[in-house]
Amino acid sequence: ALHGFIADVTGLDGKVIFRGFQSRNVLPKKGAYCIYTSLFRERRGTNVYAFDADGKPDNENGVDSITALVLIDVQVDFYSSGAALNAQSLEIASCSYIGSDWFMSKGLDVRVCGADTPRNLTGIDQSNQYEERWSVKLTTEVNSTFENGLPWFEDLHFRHKIAGTDPAQYKE
């Protein structure tokens, strides 16, 4: 989904937007392109627990869910001419309602928390020429959930012994 968000905000063709650390990707020899790389997944707060067995028969497991709020930092690098403008566009959209609204419109539970100020990381490329590069760190927030099947029951019957009585006289 982040791929589509970057394309929509910057106007870059999706074919020149790459996820970092992927084998067998061939970067364009010229023209603008983008590489985004996940940096951190940081827990925020404590777990939220839920159990759901609605509509399940007694002999089937219910679903035990453990959810943690997670902040995800992604570094987004723009290359070639227009890199500064693309980085600034992403920063502006991410620091407004546009970011979260974009993901919600796709039915995704992702909130965009903001982005850092674009940084100029221009450097020398393989042909000893300067290649323009601007970088933005984007922060999103998601609910990460782990689900586990859990046996359950609806009724519990206690039997207790009345003091001084024969065990045959237990009561439910």
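Our subject in this report is the structure included herewith.

Basis of the calculations
- Residues numbered from 1 in each chain as written.
- Predicted model: local features only at pLDDT ≥ 70, side-chain atom pairs only at ≥ 80, totals over all residues.
- Heavy atoms only, no water.
- Helix = DSSP H or I, 4+ residues; strand = E, 2+ residues; numbered from the N terminus.
- Rg over C-alpha atoms; globule rule 2.2 N^0.38 Å.
- Buried < 20%, exposed > 50% of the residue type's maximum accessible area, 1.4 Å probe, protein only.
- Contact = heavy atoms within 4.5 Å.
- Areas by Shrake-Rupley, 256 points an atom, 1.4 Å probe, with all protein chains shown as cover.
- Phe/Tyr/Trp six-rings, centres within 6.5 Å; stacked < 30°, edge-to-face > 60°.
- Polar contact = N/O pair within 3.5 Å; in protein donor to acceptor, adjacent residues only side chain to side chain.

Helices and strands together make up the secondary structure of the chain, namely three helices and eight strands. Shown N-terminal to C-terminal, the secondary structure of the chain runs as helices and strands in the order α-β-β-β-α-α-β-β-β-β-β. Taken over the C-alpha trace, the chain has a radius of gyration of 27 Å; the compact-globule value for 172 residues is 16 Å, which it surpasses by more than 25%. Taking the principal axes of its C-alpha atoms as reference, the chain extends roughly 95 × 35 × 25 Å. Burial analysis of the chain (172 residues in total) assigns 33% to the buried set. Considering only contacts within the chain whose residues lie at least 6 apart along the sequence, 64% involve residues at least 24 apart. Counting every atom, the chain has about 11,600 Å² of accessible surface; 51% of that belongs to carbon and sulfur.

Within the secondary structure, G149 is located in strand β8 (residues 133-150). The class for G149 is partly exposed, based on a relative accessible area of 39%. Sequence separation between G149 and R119 is 30 residues, and the spatial gap between their C-alpha atoms is 46 Å. When sequence neighbours within four positions are dropped, the list of residues in contact with G149 reads N61 and G62.

Tallied over the full model, the rule gives four aromatic pairs. Between F5 and F103, the aromatic rings sit 5.3 Å apart at their centres with planes inclined by 40°, giving tilted as the arrangement. With F5 in helix α1 (residues 2-10) and F103 in helix α3 (residues 97-105), this residue pair connects regions lying 98 residues apart in the sequence. We note that F5, like F103, is buried. Aromatic pair W102 and F103: ring centres 5.0 Å apart, planes at 80°, arrangement edge-to-face. By relative accessible area, which is 14% here, W102 ends up buried. With relative accessibility at 3%, the residue F103 sits in the buried group. Joined through ring pairs, the aromatic side chains of F5, W102 and F103 make up one cluster.

All right, on to unusual backbone geometry then. Residues other than glycine seldom take positive phi values, yet F21 does so here, at roughly 60°. Looking at the secondary structure, you find F21 in the loop between β1 (17-19) and β2 (33-52). Using a relative accessible area of 77% as the deciding quantity, one classes F21 as exposed.

This part takes up the side chain of Q75. Within the fold, Q75 resides in strand β3 (residues 62-79). At a separation of 2.9 Å, a polar atom in the side chain of Q75 contacts the side chain of D77.

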